[in-house]
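# Observations on chain architecture
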Amino acid sequence: EAVLYVVATPIGNLEDITPRALRILESVALIAAEDTRHSGRLLSHFNIKTPMIAVHDHNERQQQQKIIEKLQQGLDIALISDAGTPLISDPGFVLVREVRAAGFQVAPVPGCCALVAALCAAGVPSDRFAFEGFPPAKSQQRLNYYTARANETRTLMFYESPHRIIDSLKDIVSAFGSERSIVLARELTKTFETFLGGTAEEVLAQVEADPNQRKGEFVLMIEGAPEQDDTLLDPRSSEVLDILLEEL
Ligand code: SAM
């Protein structure tokens, strides 16, 4: 039975691709790539000559039919995106769902993912976290969006673009307060990899002061709000409890 492999590729450092990923990219009949020119550079670096087709947000539905036909012919296919793990703020979800619905096996070939790379080295609580993808691009929407999440107790994780990083940090200061601890991870696995940590206000000041800190790719992590004590009762319930306790 033919398989659709979902293959992670590096997020910067080209050594971060697994031997299994390379073997599968070499052996499948076809690679479905988000951007064939971009992925062409990766494949040629590893001397992989497998043919590619483009599968991106705008043609995912049309291309899925072609891919299912190939699978029906018994041909294995690999799905890759420009960087990291497909489907994680990247195309592929529709394809994976349809390929499964058509009865084919979909197998992960795990590897890089910017959010996991950021989380495992940032020093923020990592036992529970919520990945929220990209925040809204428009200022008012973004502020509302952050404000709606201000009481979240899990670590919050976002991807953010270099054009919006300053405005986004300003909105974080407004929504979460200047004292909330955050970490900004930049250029992971690349030459200028940086982790900036501190209060929201401190990190904003550092990024404002140094134009180099605004360049590249970013993962934003916001520590969760303190846990509310579940044992605290609302005032009326505690009144009732007091009365009951007196009766004991
Ligand atoms: N599928 C990818 C993954 O597995 O992480 C994410 C794709 S998303 C379109 C691209 C965003 O991921 C960037 O804008 C940035 O926020 C984040 N990202 C990707 N590579 C990164 C890196 N090397 N350092 C920091 N952030 C990165």
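Here the structure is a predicted model, which means the values were calculated and not measured. (Residues numbered from 1 in each chain as written. Predicted model: local features only at pLDDT ≥ 70, side-chain atom pairs only at ≥ 80, totals over all residues.)

### What about the site of the ligand?
This is how it is decided: Note on definitions: a residue is near a molecule or strand provided its C-beta atom, placed from the backbone, lies within 6 Å of it. Only DSSP runs of H or I reaching four residues or more are called helices, and only runs of E reaching two or more are called strands; each is numbered from the N terminus. Three categories are distinguished: nonpolar for Ala, Val, Leu, Ile, Met, Phe, Trp, Tyr, Cys and Pro, charged for Asp, Glu, Lys and Arg, and polar for the others, with Gly belonging to the last.
The environment of the ligand is formed by 23 residues, the closest being Gly84, Ala114, Tyr159, Leu188 and Glu217. Those elements giving two or more residues to the shell around the ligand turn out to be helix H5 (114-122), strand E7 (155-160) and strand E10 (218-222). Partitioned by chemical class, the residues of the shell around the ligand number 11 nonpolar, seven polar and five charged.

### Observations regarding the sheet that holds strand E8 (residues 181-186)
Just so we agree on the cut-off: Two strands qualify as a pair provided DSSP detects at least 2 bridges between them. Fitting a line to C-alpha atoms yields each axis, with helices limited to the stretch in contact; the angle taken between N-to-C directions then spans 0 to 180 degrees. A residue pair is marked as a contact if its C-beta atoms, positioned from the backbone, fall within 7 Å.
Spatial strand order, E6-E7-E10-E8-E9: five strands in an open sheet with mixed pairing. What marks the edges here is a single partner per strand, and that holds for strand E6 (129-131) and strand E9 (194-199). On average, each strand axis in the sheet is tilted by 20° relative to the strand beside it, whichever way the strands run. Sheet analysis places E8 next to E10, joined by five bridges and oriented antiparallel. The residue bridging Ile182 from the neighbouring strand is Ile222, located in E10. Set on the sheet, helix H7 (residues 165-176) makes contact with E7, E8 and E10; between it and E10 the angle comes to about 5°. Relative to the sheet, helix H8 (residues 200-209) contacts E8 and E9, its axis offset from that of E9 by approximately 135°.

### A closer look at the sheet that holds strand E4 (residues 77-80)
What the five strands build is an open sheet, ordered E3-E2-E4-E1-E5; its pairing is parallel. Each edge of the sheet is formed by a strand with only one pairing partner; in this case those strands are strand E3 (52-54) and strand E5 (105-109). Taken over all neighbouring pairs, the strand axes of this sheet differ in orientation by 25° on average, direction set aside. Where strand E2 (residues 30-33) meets E3, three bridges bridge the pair, whose relative direction is parallel. Opposite Ile31, over in E3, you have Met52 as the bridge partner. Across the sheet, helix H1 (residues 19-27) is in contact with strand E1 (3-7), E2, E4 and E5; its angle to E1 comes to roughly 135°. With respect to the sheet, helix H2 (residues 36-45) is in contact with E2, E3 and E4, its orientation differing from that of E3 by roughly 150°.

### Re the nonpolar core
Condition: Among buried residues, those of type Ala, Val, Leu, Ile, Met, Phe, Trp, Tyr and Cys that are joined through C-beta atoms within 7 Å form a set called a nonpolar core. With C-beta atoms placed from the backbone, a residue is buried if 20 or more other C-beta atoms are within 10 Å of its own, exposed if 12 or fewer are, and partly exposed between those counts.
One finds Val7, Ala78, Leu79, Ala118, Ile182, Val219 and Met221 to be the most contacted residues of the largest nonpolar core, which totals 57 residues. Contacts of Ile182, omitting those with residues within four sequence positions, involve Ile172, Ala200, Val203, Leu220, Met221, Ile222 and Glu223.

### Some remarks on unusual backbone geometry
Here the phi dihedral of Asn47 falls at roughly 60°; this positive angle occurs in a residue that is not glycine. For Glu187, which is not a glycine, the phi torsion comes out positive at approximately 55°. In this fold, Glu187 is placed in the loop between E8 and E9.

### Topic: the pairing of E2
Cut-off, in case you're wondering: Handedness of a crossover: with both strands directed away from the viewer, a clockwise path from the first strand across the helix to the second marks it as right-handed.
Relative to E4, E2 runs parallel, the two being bridged by four bridges. Its bridge partner being in E4, Ala33 is matched across the sheet by Ile80. The handedness of the E2 to E3 crossover, carried by H2, is right-handed.

### Remarks on the packing of helix H3 (residues 60-72) against helix H4 (residues 93-101)
Let me state the cut-off plainly: The crossing is said to be left-handed when, going from far helix to near helix, the turn is anticlockwise and less than a right angle, and right-handed when the turn is clockwise.
The contact between H3 and H4 brings their axes to 10 Å, and the two run at 40°. Crossing of H3 against H4: the hand is right-handed. Between H3, through Glu60, Arg61, Gln64, Ile67, Ile68 and Leu71, and H4, the contact on the second element is made entirely by Val94, Leu95, Glu98 and Val99.

### A look at the confidence of the model for the chain
Rules: Here pLDDT means the predictor's own confidence in every residue, given as a number from 0 to 100.
Taken residue by residue, the chain gives an average pLDDT of 95. The fraction at 70 or more is 98%. Listed scores for the predicted complex are pTM 0.91 and ipTM 0.99.

### Some remarks on H3
Rules: Expected span, for any helix, means 1.5 Å times one less than how many residues it has. Throughout, the arc means that of the directions going from the helix axis to the C-beta atoms.
Between its first and last C-alpha atoms H3 spans 18 Å; for 13 residues at 1.5 Å apiece the expected length is 18 Å, and the two agree. Among all positions in H3, only Gln64, Ile67, Ile68 and Leu71 are buried. Along the axis of H3, the buried residues cluster in a sector spanning 100°; they form a single face. Turned more than 90 degrees from where H3 packs its buried face, Gln62, Gln65 and Glu69 sit exposed. Along its buried surface, H3 packs onto E1, E2, E4 and H4. Directly beyond the C-terminal end of H3, a positive phi value near 90° is found at Gly74.

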